[in-house]
Amino acid sequence: AGAGAGSGSGGSGGGMDVEEEGDGAESEAPPAPVARRSLLAAVGLWTDLSVRLLALPSLQEGARQALGGDVLPRAVTLVTMEEAHYALVGLGDGHLVSFSLDVTATPPPAPGAPPAVASCALHSRRKVALSTSPVGLVPFASDAAQQHVFAASDRPTVIYSSGRKLLFSAVNTGEVTAMAPFNSRSFPDCLALASETQLTIGMVDEIQKLHVRSVPLGEQPRRLCHHASSRCFVVSTMNLRTEAGAAVEQERLLLCDEATLERVHAFELQPFEMALSVQAVRFAGDDREYVVASTGFASPGEDEPSRGRVLVLEVMAEG
């Protein structure tokens, strides 16, 4: 009970539900409503930064997994997509932690009674960056009756499944602080999206393929790596400029924000120096993450570089 008082947020999704059909009705009458009973509840705890699964209605703990790090969970939901169960946790720093969920249910003890959870387990932890603000999670169904999850944040995202893999599609709107399914005669099968300044009612287009976004650099990209601790991409580029009537190649390492892809910093290489490989590296006994680049000097008159450097760079916040 003490841990529950420190919990952040919780929720349950349709994946762990059991349906009960209503009693028989005459053929002229509309079908009886379907009752849904959840078998599990998911709870995110602030005390030990974990997610726990509780059996309903006993609230007996069935599984527990640490989220890792020191960021509080802000939203938790259970969802089933393509017959696979997932537990999703939105964190306060904009990351999403996902787990695959295995559930075994016992047969109903009596006719008409719901089954009970015999065992459950969380595994296959995955962590991705969705935004820079706390993530809220709301399951919803598309017009094709496919289950999705809306991640509300400063960069709203729809989480969906394709080939039994979780995929992410950015929503073409501004910041969303809350979302709810909205269905009326005038606005059928819509979503209500709220921000601090406005309320938007709209539809999410059918998700069928990966969305590709082109980012013009104005330079030729040569090498790429992801620097997780700074949440940036490191891109080695080559820029061709003219000096004294001659074409000169100039290479540099660009630091670009992983979410907005905006240029954060540029590190100039020496004349005739080119990056041959770029990698984010951690060394034993050091918690910091470095950018290591191997280079070669393409000096005039040489068929192959005869000298080069290994650069070990640290990404530091300005100020």
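If you're wondering where the values come from, they're calculated on a predicted model, not measured in any experiment. (Residues numbered from 1 in each chain as written. Predicted model: local features only at pLDDT ≥ 70, side-chain atom pairs only at ≥ 80, totals over all residues. Heavy atoms only, no water.)

Chemist: What's the story with the overall build of the protein chain in this structure? I'm lost.
Modeler: The helix and strand tally for the protein chain stands at 1 helix and 24 strands. Every one of the 319 residues in the protein chain was classed for burial, and the buried ones make up 34%. Counting only contacts in the protein chain whose residues sit at least 6 apart along the sequence, the fraction spanning at least 24 positions is 41%. For the protein chain, the accessible area works out to roughly 18500 Å², and carbon and sulfur atoms hold 52% of it. (Helix = DSSP H or I, 4+ residues; strand = E, 2+ residues; numbered from the N terminus. Buried < 20%, exposed > 50% of the residue type's maximum accessible area, 1.4 Å probe, protein only. Contact = heavy atoms within 4.5 Å. Areas by Shrake-Rupley, 256 points an atom, 1.4 Å probe, with all protein chains shown as cover.)

Chemist: I'm lost on unusual backbone geometry in this one. Help?
Modeler: Excluding glycine, residues mostly have negative phi values, and the peptide bonds linking residues are mostly trans. The linkage connecting leucine 56 with the following residue, proline 57, adopts the cis geometry, with an omega of 5°. Of note, proline 57 is situated in the loop between strand E5 (50–55) and strand E6 (61–66). One non-glycine residue, arginine 231, adopts positive backbone phi at about 55°. Even without glycine at this site, phenylalanine 272 takes up a positive phi of about 70°. You can see phenylalanine 272 is positioned in the loop between strand E21 (263–268) and strand E22 (273–282).

Chemist: Is there a simple way to think about the pattern of salt bridges in this case?
Modeler: Pairing between side chains becomes possible if they bear opposite charge and their charged atoms approach one another. Going through the model one piece at a time under the given rule, you end up with 12 salt bridges. We note a salt bridge from glutamate 289 to arginine 282, for which the minimum N-O separation is 3.8 Å. The class for glutamate 289 is buried, based on a relative accessible area of 11%. For the salt bridge of arginine 288 with glutamate 314, the shortest nitrogen-to-oxygen distance reads 3.7 Å. You can see arginine 288 sitting in the loop between E22 and strand E23 (289–297) and its partner glutamate 314 sitting in strand E24 (residues 308–314), a full 26 residues away along the chain. When its relative accessible area of 42% is taken as the criterion, arginine 288 is described as partly exposed. On the accessibility criterion, glutamate 314 (36% relative accessible area) is partly exposed. Each of the salt bridges in this network shares a partner with another, and the network as a whole consists of Asp48, Arg52, Glu61 and Arg64. (Salt bridge = Lys/Arg side-chain N within 4 Å of Asp/Glu carboxyl O.)

Chemist: How should the pairing of E23 be read in this particular structure?
Modeler: Two faces make up the sheet, and in a regular strand the side chains alternate between them. With respect to burial, E23 is a largely interior element, 8 of its 9 residues being buried. Note: E22 against E23, 9 bridges, orientation antiparallel. The residue bridging glutamine 279 from the neighbouring strand is valine 292, located in E23. Two successive antiparallel strands, E22 and E23, enclose a turn made up of 6 residues, where glycine 285 displays a positive phi of approximately 80°. (Pairing = 2+ DSSP bridges.)

Chemist: I keep staring at the sheet that holds strand E15 (residues 178–182) and nothing clicks. Help me out?
Modeler: Think of a sheet as strands paired side by side through backbone hydrogen bonds, with each pair either parallel or antiparallel. Pairing is antiparallel across the open sheet formed by 3 strands, whose spatial order is E15-E16-E17. The sheet terminates laterally at E15 and strand E17 (199–202), the two strands that pair on one side only. Pairwise comparison of adjacent strand axes, ignoring direction, gives a mean angle of 20° for this sheet. Summarising the sheet, strand E16 (residues 190–194) and E17 pair through 4 bridges and their orientation is antiparallel. Within E17, the residue paired with alanine 192 across the bridge is isoleucine 201. (Axes fitted to C-alpha atoms, helices over the stretch in contact; angles between N-to-C directions.)

Chemist: In this structure, what is going on with a nonpolar patch on the surface? I would like to understand it.
Modeler: Among the surface-exposed residues, Phe182, Phe187, Leu199 and Ile201 lie close enough to one another that they form a single nonpolar patch of about 350 Å² accessible area. On the basis of relative accessibility, which here comes to 31%, the residue phenylalanine 182 falls in the partly exposed class. (Patch = residues over 30% accessible without salt bridge, like charges linked within 9 Å, V, L, I, M, F, W, Y side chains within 5 Å.)

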